[in-house]
Amino acid sequence: MIPGAFEFHAVNTVQEALKLLNAHEDAKIIAGGHSLLPMMKLRFAEPTHLIDINGIPSLKGITEEGDSLHIGAMTNENELIRSELLQRRCPLLVEVAKLIADPQIRNRGTIGGDIAHGDPGNDHPAVMMALDAEFVIQSEQGERVVPANGFFLGTYWTGLEDGELISSIRVPAFSADTGFGFHKLKRKTGDFATAAATVVLRLQGDRVEHIRIAMTNVGPCAFRAEAAERILLGNSPSDALIEEAALAVQSACEPVKDLSGDEEYKAAMAAEMMRRALHDALQTAGATA
């Protein structure tokens, strides 16, 4: 299908973009375009103004400030993969980006667009929650910083207000004892996940002192499996406890039946992805079990 008529604006500064957002009530930001344009073609979204932010250099790049990594919202997936800084300080993001869609999309799709779109099938929202990331959000009134956990409110619904855009993402750099795992089930290359799980943890001896478990595409939006986290936190992760946590994940899921499977299958696969991600996280954290 063909999108409705719209006026196109190419901007060079964040201030220009924000001014246009406020001037036009139905304006939309466009970055890589892989999320918005398909919705426009189906007439699910019909903005009359598109604001192209590809020409804003301040929205790109990856830097380290203290123990925090700052990632520009316009950084694309292949730039995440190629980043030596991320490979050293947050390899989870590199591994996740490698599994997103296909090379064409990874060359254009941006981390900020993936987050801002609020699609429950997108990979970065759950990963951001597991990383305890923060989003730097700008408006004409100034800047605010919000945590990833709590930002995703429902399907295509986030904490972004009218007239705002995400300018960067702040991610805590991994310490030497950080373990991580990401597992994603999909039917073929380019598909959204049928179910995916991200686990980030740290151990103190053989006990879990910190853990985040976040799930993709098995609810109205990405979510933290906090009941499963509580089961493992402070304990040695035995097979019995891991199974109890997996069942807690399965109970927390609210998937929608589609061509990828029914509700029961998707919830069971979410639990299995969590088991695999947790085992990987324990391995990379140096657990002997």
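Up top is the structure.
The structure presented is a predicted model; accordingly, all values stated were derived computationally and were not measured.

A few words on unusual backbone geometry. Backbone geometry places Asp132, a non-glycine residue, at a positive phi of 55 degrees. Of note, Asp132 is situated in the loop between helix 8 (124–130) and strand 6 (134–139). The phi torsion at Asn217 lies on the positive side, around 65 degrees, for a residue other than glycine. Along the chain, Asn217 turns up in the loop between strand 13 (207–216) and strand 14 (223–224). A relative accessible area of 19% places Asn217 in the buried class.

With that settled, consider a negative patch on the surface. On the surface, Glu25, Asp26, Glu161 and Asp162 cluster together to form a negatively charged patch. Counting through the fold element by element, Asp26 comes out in the loop between helix 1 (14–23) and strand 2 (27–30).

What follows concerns empty space enclosed by the protein. Tallying each qualifying case throughout the model produces 1 cavity of 30 Å³ or more. Approximately 30 Å³ is the volume attributed to the largest cavity. Around the largest cavity, the lining residues are Gly118, Asp119, Pro120, Pro125, Phe152, Cys221 and Ala222. The class makeup of the residues in the lining of the largest cavity is 5 nonpolar, 1 polar and 1 charged.

A large share of helix 5 (residues 91–98) lies buried, amounting to 6 of its 8 residues. Every buried residue of helix 5 is listed here: Pro91, Leu92, Leu93, Val94, Val96 and Ala97.

On to the packing of aromatic side chains. We describe a pair of aromatic rings using the distance from one ring centre to the other and the angle between the two ring planes. Applying the stated criterion to the full structure yields 4 aromatic pairs. Taking 6.1 Å as the distance between ring centres and 80 degrees as the angle between the ring planes, the aromatic pair formed by Phe135 and Phe152 counts as edge-to-face. On the criterion of sequence distance, the pair formed by Phe135 in strand 6 and Phe152 in strand 8 (residues 152–154) is long-range, its members being 17 residues apart. Residue classification places Phe152 among the buried residues on the basis of a relative accessible area of 8%. Relative to Phe180, the ring of Phe174 lies with its centre 5.8 Å away and its plane at 40 degrees, an arrangement referred to as tilted. Judged by relative accessible area, Phe180 falls into the buried class, the value being 17%.

Counting buried residues in strand 13 gives 8 out of 10 residues, a clear majority hidden from the surface. Joining the antiparallel neighbours strand 12 (residues 195–204) and strand 13 is a turn of 2 residues, in which Gly205 adopts a positive phi near 70 degrees. Bridge count for strand 13 against strand 14 is 2 bridges, and the pairing is antiparallel. In the sheet register, Ala214 faces strand 14, and the bridge partner there is Arg224. The antiparallel pairing of strand 13 with strand 14 creates a hairpin that spans 6 residues between the two strands, and Asn217 there sits at a positive phi of about 65 degrees.

Approximately 300 Å³ is the volume found for the second largest pocket. Pro120, Gly121, Asn217, Asp258 and Lys266 are, among the 16 residues lining the second largest pocket, the residues nearest its centre.

Of the pairings in the sheet, the one linking strand 4 (residues 62–65) to strand 5 (residues 68–72) comprises 4 bridges and is antiparallel in character. Counterpart to Ile62 in the pairing with strand 5 is Ile71. Between strand 4 and strand 5, which follow one another and run antiparallel, lie 2 residues, and Gly66 among them has a positive phi close to 65 degrees.

Cut-offs used in this document
Residues numbered from 1 in each chain as written. Predicted model: local features only at pLDDT ≥ 70, side-chain atom pairs only at ≥ 80, totals over all residues. Heavy atoms only, no water. Helix = DSSP H or I, 4+ residues; strand = E, 2+ residues; numbered from the N terminus. Buried < 20%, exposed > 50% of the residue type's maximum accessible area, 1.4 Å probe, protein only. Patch = residues over 30% accessible without salt bridge, like charges linked within 9 Å, V, L, I, M, F, W, Y side chains within 5 Å. Areas by Shrake-Rupley, 256 points an atom, 1.4 Å probe, with all protein chains shown as cover. Salt bridge = Lys/Arg side-chain N within 4 Å of Asp/Glu carboxyl O. Lys, Arg positive; Asp, Glu negative; His and termini not counted. Charge placed at Lys NZ, Arg CZ, Asp CG, Glu CD. 1 Å grid on protein atoms, 1.4 Å probe; cavity = no way out; pocket = protein on both sides within 12 Å on 5 of 7 lines; lining within 4 Å. Points joined across faces, edges and corners; volume = space filled by probe spheres on them. Nonpolar A, V, L, I, M, F, W, Y, C, P; charged D, E, K, R; others polar. Phe/Tyr/Trp six-rings, centres within 6.5 Å; stacked < 30°, edge-to-face > 60°. Pairing = 2+ DSSP bridges.

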